[in-house]
Each structure stands twice: as C-alpha cells, then as structure tokens.
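# Summary of structural features
Spelled out, the chains give:
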Amino acid sequence: MRLDIVTIFPEYLEPLNVSLVGKARARGQLDVRIHDLRQWAHDKHNTVDDTPYGGGPGMVMKPEPWGEALDSVLASGEGEPVVVVPTPSGEPFTQQLAVELSAKPWLVFTPARYEGIDRRVIEEYGDRLDVREVSIGDYVLAGGEAPVLVMVEAVARLLPGVLGNAASHQDDSFAPGAMADLLEGPVYTKPPEWRGRTIPEVLVSGHHGKIARWRRDEAFRRTDRNRPDLIERADPAAFDKHDRAM
Ligand code: ADE
C-alpha cells in the first residue's frame, strides 16, 4: 500500500518510522511518502494560510499550495488514490472505515492546521476522486497530523502480513464476527498470583467451552458498563439468553 501525507509539519509524522508501521515500511509492505506543503508556497515567507472570508477568528489554509501539492502527488502515481481529509467535521473514523481503507492500494492524507482548508480544494478533488472527510472523535485537536497517525496505524495493522499473528485482530473490539457488538474483555498472563491477586480459575481449567462463555460474559459486562450505546444499537439477535440475563 502506498500512503502520501502532505503537511506543514513533516517532523510530526516521525512516529511512522517506529514500531508496527516502521517495520511494515522497512519490509516494503508500506510505501509512506511525506511531503512538506511549503514547497508549493511561492512567496518569500512560504505562506500557506490567510484570513477567512466573512471574518471570524483563526486562519484558513490557502487553496493554491494544496492544489499544486495534490496535482504533484497525483501525477507521481498510477491510478487514483482515496483522499482522506482529517477534520472534526468529518464522518466518524471507525474500525469499519479502517477495514475499507486497508483494501485500497493508495491513500493520500491532507492534515490541516488552523481552521481548515479552503472548501474549494475539497470540491475540486471531490469531483474527480473519492475524497473522505474523516473525524477521529468528538474533540478538536490543533491539527490533522495526530489523526493521520491514528488512522495510518489502524489501517496498517490490517494489511496482510503486518501483524505478527494474523488472528490477533480477529477478536479486537469492533472487529466483525461473533463478538462484533462487544468490547474485548480483560486479559491475564503469568505469574498466576501477583500482589495477592489471582487470575480467574476458568482460564486454567482447560475447558474451551467454559473459557469462551466466560470471555463473552466479561465482554458483555464491560460493554454494558463502558459503552451501553453499543448494546442499545446492536441487533437483539446478536445476544443469547445468557447475555440477556447478565
Ligand atoms: N483535526 C482537528 N481535530 C480533529 C479530529 N477530531 N479528527 C480529525 N481531524 C481533526
């Protein structure tokens, strides 16, 4: 998969050299190209923002540098990328959207600072490409770079061969499957006793059926406590008698 990121803070994307994403890049599974937007600004101060029409606080990113940047990135590859525009006004970033994006060969991210990018840029590229305005949550960050780090990690770990154990995202919270509507429950490892705290007996019982039942019950309890909205909105057929009795 190829990823292009256009930003005024290339150094903000340094974490993409580390850990899972860094390793995927080193193995050639991910081709990440980071571009400094200011290389497409032409005045002596490399200006990329200006005051908003209609007044109001803050600055708006100018359309010309973004247009040149996107034209240049688009011309450097084959086919058409999906363009992901991080903004608190976008559609929610979900595991489902991560799965959808992980199937694309090429993504272009346009993290903005200030009050966002001149609307005409979104319209111009939206007329020819799949442009997705995406929010990572109902809070406002200082820019789109941190959301890009979040989205790239969520997408990269879904690529074939990137996670050590292919099964390890199958039971993630929000993953499709039997536990699709539930959060993941608690996990334990050795030692069997730590500071006087033991582990649930059932996990060392060797009884796979009982372990599965226990995991599901714990998942249900945790979801009910932390995200009751997920249970509310799920298909009631997703829950069995045992769940409902909890
Ligand atoms: N830019 C600022 N806040 C954001 C958010 N919550 N999601 C995506 N991009 C953003």
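Residues numbered from 1 in each chain as written. Predicted model: local features only at pLDDT ≥ 70, side-chain atom pairs only at ≥ 80, totals over all residues.

An unreviewed UniProt entry lists the protein chain under the name tRNA (guanine-N(1)-)-methyltransferase, with Streptomyces lydicus given as the organism. According to UniProt, the comment filed for the protein chain under the heading Function (unreviewed entry) is "Specifically methylates guanosine-37 in various tRNAs." Regarding the protein chain, the relevant UniProt record gives this comment under Sequence similarities (unreviewed entry): "Belongs to the RNA methyltransferase TrmD family." (UniProt positions renumbered as here; feature names shortened; annotations may be inferred.)

Check the secondary structure of the protein chain and you find eight helices and nine strands. Structurally, the protein chain occupies a C-alpha span of about 70 × 40 × 40 Å along its principal axes. The burial tally for the protein chain puts 23% of its 246 residues in the buried class. The contacts of the protein chain with a sequence gap of at least 6 include a subset with a gap of at least 24, amounting to 74%. (Helix = DSSP H or I, 4+ residues; strand = E, 2+ residues; numbered from the N terminus. Buried ≥ 20, exposed ≤ 12 C-beta atoms within 10 Å, placed from the backbone. Contact = placed C-beta atoms within 7 Å.)

The next point concerns the domain arrangement of the protein chain. As assigned here, the protein chain comprises domain 1 (2-166) and domain 2 (170-244). For domain 1 versus domain 2, the distance between C-alpha centres works out to 35 Å. (Domains from an automatic or database assignment.)

Moving on, we get to the UniProt feature "binding site: S-adenosyl-L-methionine" (unreviewed entry) in the protein chain. Taking the UniProt record as the reference, the feature "binding site: S-adenosyl-L-methionine" (unreviewed entry) is found at I136, G137, D138, Y139, V140 and L141. Structurally, V140 can be placed in the loop between β7 (130-135) and α5 (145-156). Within the secondary structure layout, L141 lies in the loop between β7 and α5. Of the residues examined, L141 has 15 C-beta atoms within 10 Å and is grouped as partly exposed. In this structure L141 touches A146 and P147, once residues within four positions along its chain are discounted.

Turning our eyes to something else, we now look at the nonpolar core. Membership of the largest hydrophobic core comes to 38 residues, with the highest contact counts inside it found for L3, V84, F109, M151, V152 and A156. When residues of this core are assigned to their parent elements, the largest contribution, six residues, is made by α5. Look past the residues within four positions of L3 in its chain and what remains in contact with it is L30, V32, L107, F109 and V152. (Core = buried A, V, L, I, M, F, W, Y, C linked by C-beta atoms within 7 Å.)

Our next topic: the pairing of strand β2 (residues 31-36). Pairing of strand β1 (residues 2-7) with β2, which is carried by six bridges, proceeds in the parallel orientation. Along β2, the bridge assignment pairs R2 with D31. Viewed along the sheet, the connection from β1 through helix α1 (residues 19-26) into β2 turns out right-handed. (Pairing = 2+ DSSP bridges. Right-handed = clockwise from strand over helix to strand, strands pointing away.)

Scored by pLDDT, the protein chain has a mean of 95; 98% of the residues are at 70 or more. ipTM for the predicted complex: 0.99, alongside a pTM of 0.94. (pLDDT = per-residue confidence, 0-100.)

This paragraph deals with the sheet that holds β1. With parallel pairing, five strands are arranged side by side in an open sheet as β2-β1-β6-β5-β7. A strand with exactly one partner marks an edge of an open sheet, and here the two such strands are β2 and β7. Neighbour to neighbour, the strand axes of the sheet diverge by 30 degrees on average, direction disregarded. Looking at chain direction, β1 and strand β6 (residues 106-109) are connected through four bridges and run parallel. In the sheet register, I5 faces β6, and the bridge partner there is F109. Across the sheet, helix α2 (residues 63-75) lies against β1, β2 and β6, angled at about 165 degrees from β1, the strand it touches most. (Axes fitted to C-alpha atoms, helices over the stretch in contact; angles between N-to-C directions.)

Let us look at the environment of S102. When you line up the elements, S102 lands in helix α3 (residues 95-102). With 17 C-beta atoms packed within 10 Å, S102 lands in the partly exposed category. Those residues in contact with S102 that lie beyond four places of it in its chain are V155, L158 and L159.

Right, let's talk about the pairing of β6 for a bit. Within a regular strand, the side chains alternate between the two sheet faces. Pairing of strand β5 (residues 82-92) with β6 involves three bridges; the strand directions are parallel. Paired with V82 across the strands is L107, a residue of β6.

A separate point is unusual backbone geometry. The amide bond that connects K190 to the next residue, P191, takes the cis arrangement and shows omega of 5 degrees. Topologically, P191 is positioned in the loop between α5 and β8 (193-194). Of note, the phi angle at Y114 is positive, near 60 degrees, even though the residue is not glycine. Relative to the helices and strands, Y114 is located in the loop between β6 and α4 (119-126). Since 16 C-beta atoms lie within 10 Å of it, Y114 is described here as partly exposed. Even without glycine at this site, R195 takes up a positive phi of about 50 degrees. One can find R195 in the loop between β8 and β9 (197-198).

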